[in-house]
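Structural overview for review
Okay, here's what each chain looks like letter by letter:
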Amino acid sequence: MTNRISPDPDSAAANTQPYIQGDLDLGWLENHWGDRLVALPELLVQSMYSALGREIGTAAGVVLFNCGRWWGQSLYTQVCQRLASSTQTAIADLSIVELLLFLQQDWVAHGWGRLDLDQTYQPQGFLVVKIWNSPFANQAPAGSFPVCYVEAGLLSSFFSQLTGQELHCVQTTCESLGADCNRFILGSVKRLQSAETMVMHLDHDAILQQLCR
Amino acid sequence: MVSIPDHSNPHQRKSLKKHHPYGFQDFFEGDPEQGTIVDWHGSRNVLVTEDFIIGLMEGLEGLGDGSATLLMYSIGCEWGQRDAQVFEQRFEQEFDRDVRQTNLLFLLETWWWPFTSQGWGRWEVDIADRQQGFLSINIFDSVVARTMGTVGKPVCFLYAGLFAGFFTELTKRQLSCIEIQCHSMGAAHCTFLLGAPDRISAAASWLRQGATAEEILQRLRREEIPR
């Protein structure tokens, strides 16, 4: 028994090419490109934070960041393949607006929240990514630091491969701390080193001002 | 602290009338404006590729202390315990019946169906040996084993933890679980053994000595438990 949905019911392409489908005979989910998917329910996400926090303390953040990095590498490869098969376009040939549209559709279809890019600081070597309704921030225990480690790792490896430079990613605001959205700064590893500690006492704008000095 | 999904939402109210909402379109409801997916029971879900599972294992193995499998089991245990608490409330609300006064197979099928919808594979539970203090569970198409490929050893510690946590919470007895046969060892499906810690400990020892899943089950049936 197969059931299908697409993220945008108004999209003609989505109606003919369902984005995600489920097969109850197999207990499988897969996307339009044949990648197997699994749904992580909120209790599993809560348990990841809770069990890792209890067992390994602050190293949990590193584990989840590295998980995101691995995932981001594969996501980049998959996005390249999808672009090549559906539009015969190389990712490097896309404008930032086209890439953003592609990523936004993926984010929404998989329940990863909403995503936007802010290129204001691109001339200074920084890209700001904003994510609303993160499924990770949403389920993490309330603390005093940003907790979207998975997304930070994913963004760092995705954009590292996209730009061909080793980029780091630091989260400066977090919905789990009451922020309106999760903000991430992407930049070179060297230039972002100091931002890790600034997160503890400066807000997002102040961090960017310091970094751009 | 376990968060109980908000039962007041319209999607949840439908679930009180329908007992088989497991097709993808029934089970999941996406909100393109918010970028969220909520399941039939009102719980938020996030869809990930298999690479997320590999990434989690890689991240844990990066700790370099050999604790990755134990940590996956711990995550599963906590998930199972939390899920049992939510499931118990949900079941009693939906069927107006105490879980402990319900046909066991019906109860367990009701529990697993959402996991099938969520892509965690089909299952088959064998409760024939429960008088001997254990039961076995087969998982077909484990997302962990399928993802890890053939590596010659059991890899589905997340599932083992999930079963241990769920049944411990449900029965209010400390139970353990071990995977005694895995798709990653070349088997057609994964087999888990759930029971009291002494039985599972014995099974783990036999497994290390090279016993097959069938041999382990036979030995447990003969009650060859070291005292």
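In the block above lies the structure referred to throughout.
In this section: the overall build of chain A. For chain A, the helix and strand inventory stands at 8 helices and 8 strands. Taken over C-alpha atoms, the radius of gyration comes to 18 Å for chain A, in line with the 17 Å a tight globule of 213 residues would show. Based on the C-alpha atoms only, the size of chain A along its principal axes is roughly 55 × 40 × 25 Å. Residue burial in chain A is summarised as follows: out of 213 residues, 54% are buried. Sequence-distant contacts, at least 24 apart, represent 48% of the contacts inside chain A between residues at least 6 apart. Of the roughly 9,100 Å² of accessible surface on chain A, 51% is carried by carbon and sulfur atoms. Of the side-chain charges in chain A, 11 are positive and 20 negative, and the distance between the mean point of each set is 7 Å.

Here we come to the sheet that holds strand 5 (residues 114–118) of chain A. Residues and elements named next belong to chain A. Read across the sheet, 4 strands follow the order 5-6-8-7 without closing on themselves; strand pairing throughout is antiparallel. Every other strand in the sheet has two partners, leaving strand 5 and strand 7 (167–173) as the edge strands with one partner each. With direction set aside, neighbouring strand axes in the sheet form an average angle of 25°. Note that strand 5 and strand 6 (residues 127–132) share 5 bridges and pair antiparallel. Bridge assignment links Asp116 to a residue of strand 6, and that residue is Lys130. Contacts between helix 4 (residues 96–109) and the sheet are confined to strand 5 and strand 6, with strand 5 contributing the most and set at about 160° to the helix. Along the sheet, helix 5 (residues 149–163) makes contact with strand 5, strand 6, strand 7 and strand 8 (182–188), crossing strand 7 at roughly 140°.

It is worth spelling out the pairing of strand 6 (residues 176–181) of chain B at this point. Residue and element names in this part refer to chain B. The element strand 6 is largely enclosed, with a buried count of 5 among its 6 residues. Where strand 6 lies against strand 7 (residues 190–195), 5 bridges are found, and the strand directions are antiparallel. Along strand 7, the bridge assignment pairs Gln181 with Thr191.

When you line up the elements, Tyr22 of chain B lands in the loop between helix 1 (10–15) and helix 2 (24–27). A relative accessible area of 11% means that Tyr22 of chain B is categorised as buried. Residue contacts for Tyr22 of chain B: discarding those within four places in its chain leaves Leu24 of chain A together with Phe27, Thr110, Trp113, Pro114 and Ser117 of chain B.

Below, the discussion takes up helix 5 (residues 104–117) of chain B. Residue and element names in this part refer to chain B. The end-to-end C-alpha distance of helix 5 is 21 Å, a good match for the 20 Å that 14 residues give at a rise of 1.5 Å each. At Trp111, helix 5 is deflected by roughly 25°, the largest bend along its length, and proline Pro114 occurs up to four residues later in sequence. Looking at helix 5, one finds that the buried residues are Leu107, Leu108, Thr110, Trp111, Trp112, Pro114, Phe115, Thr116 and Ser117. Of the residues that open helix 5, the one with a side-chain oxygen 3.0 Å from the backbone nitrogen of Leu105 is Asn103. Once helix 5 ends, the next one or two residues include Gly119, with phi positive near 90°.

This part is about the interface of chain B and chain A. Chain B puts 54 residues into the contact, and the matching count from chain A is 55 residues. Where chain B abuts chain A, roughly 4,900 Å² becomes buried across the two surfaces, and 64% of that area is made up of carbon and sulfur atoms. For the chain B face of the interface with chain A, the top three residues by lost area are Phe24, Arg44 and Val46 of chain B, together amounting to 15%. One can count 1 salt bridge joining chain B with chain A. The salt bridge partner of Glu78 of chain B is Arg54 of chain A, with a shortest N-O separation of 2.6 Å. At the surface where chain B touches chain A, the tally comes to 26 residue pairs in polar contact (both at pLDDT 80 or more). Looking at the side of chain B that touches chain A, the elements that each hand over two or more residues are helix 2, strand 2 (36–39), strand 3 (44–49), helix 3 (50–61), helix 4 (68–95), helix 5 and helix 6 (143–148) of chain B. At 10 residues, helix 3 of chain B tops the list of elements feeding residues into the side of chain B that touches chain A. Grouping the constituent residues of the side of chain B that touches chain A by class yields 25 nonpolar, 18 polar and 11 charged. Direction of pairing for strand 4 (residues 36–41) of chain A relative to strand 3 of chain B: antiparallel, over a ladder of 5 bridges.

We now examine the sheet that holds strand 5 (residues 134–140) of chain B. All names here are of chain B. If you trace the 4 strands from one edge of the open sheet to the other, you get 4-5-7-6, paired in antiparallel fashion. If you trace the sheet from one side to the other, it starts and ends with strand 4 (122–126) and strand 6, each paired once. Across this sheet, the average inter-strand angle for adjacent strands is 25°, counted without regard to direction. Helix-sheet contacts for helix 7 (residues 157–171) involve strand 4, strand 5, strand 6 and strand 7, and the interaxial angle to strand 7 is about 30°. With respect to the sheet, helix 8 (residues 197–208) is in contact with strand 6 and strand 7, its orientation differing from that of strand 6 by roughly 25°.

Each value, and the rule that gives it
Residues numbered from 1 in each chain as written. Chains lettered and ligands numbered in written order. Predicted model: local features only at pLDDT ≥ 70, side-chain atom pairs only at ≥ 80, totals over all residues. Heavy atoms only, no water. Helix = DSSP H or I, 4+ residues; strand = E, 2+ residues; numbered from the N terminus. Rg over C-alpha atoms; globule rule 2.2 N^0.38 Å. Buried < 20%, exposed > 50% of the residue type's maximum accessible area, 1.4 Å probe, protein only. Contact = heavy atoms within 4.5 Å. Areas by Shrake-Rupley, 256 points an atom, 1.4 Å probe, with all protein chains shown as cover. Lys, Arg positive; Asp, Glu negative; His and termini not counted. Charge placed at Lys NZ, Arg CZ, Asp CG, Glu CD. Pairing = 2+ DSSP bridges. Axes fitted to C-alpha atoms, helices over the stretch in contact; angles between N-to-C directions. Expected span 1.5 Å × (residues − 1). Bend = angle between axes of the 7 residues up to and from the residue. Polar contact = N/O pair within 3.5 Å; in protein donor to acceptor, adjacent residues only side chain to side chain. Buried area = accessible area lost by both parts, 1.4 Å probe. Salt bridge = Lys/Arg side-chain N within 4 Å of Asp/Glu carboxyl O. Nonpolar A, V, L, I, M, F, W, Y, C, P; charged D, E, K, R; others polar.

So, to be careful, I would describe these as geometric facts and stop short of saying anything about function.
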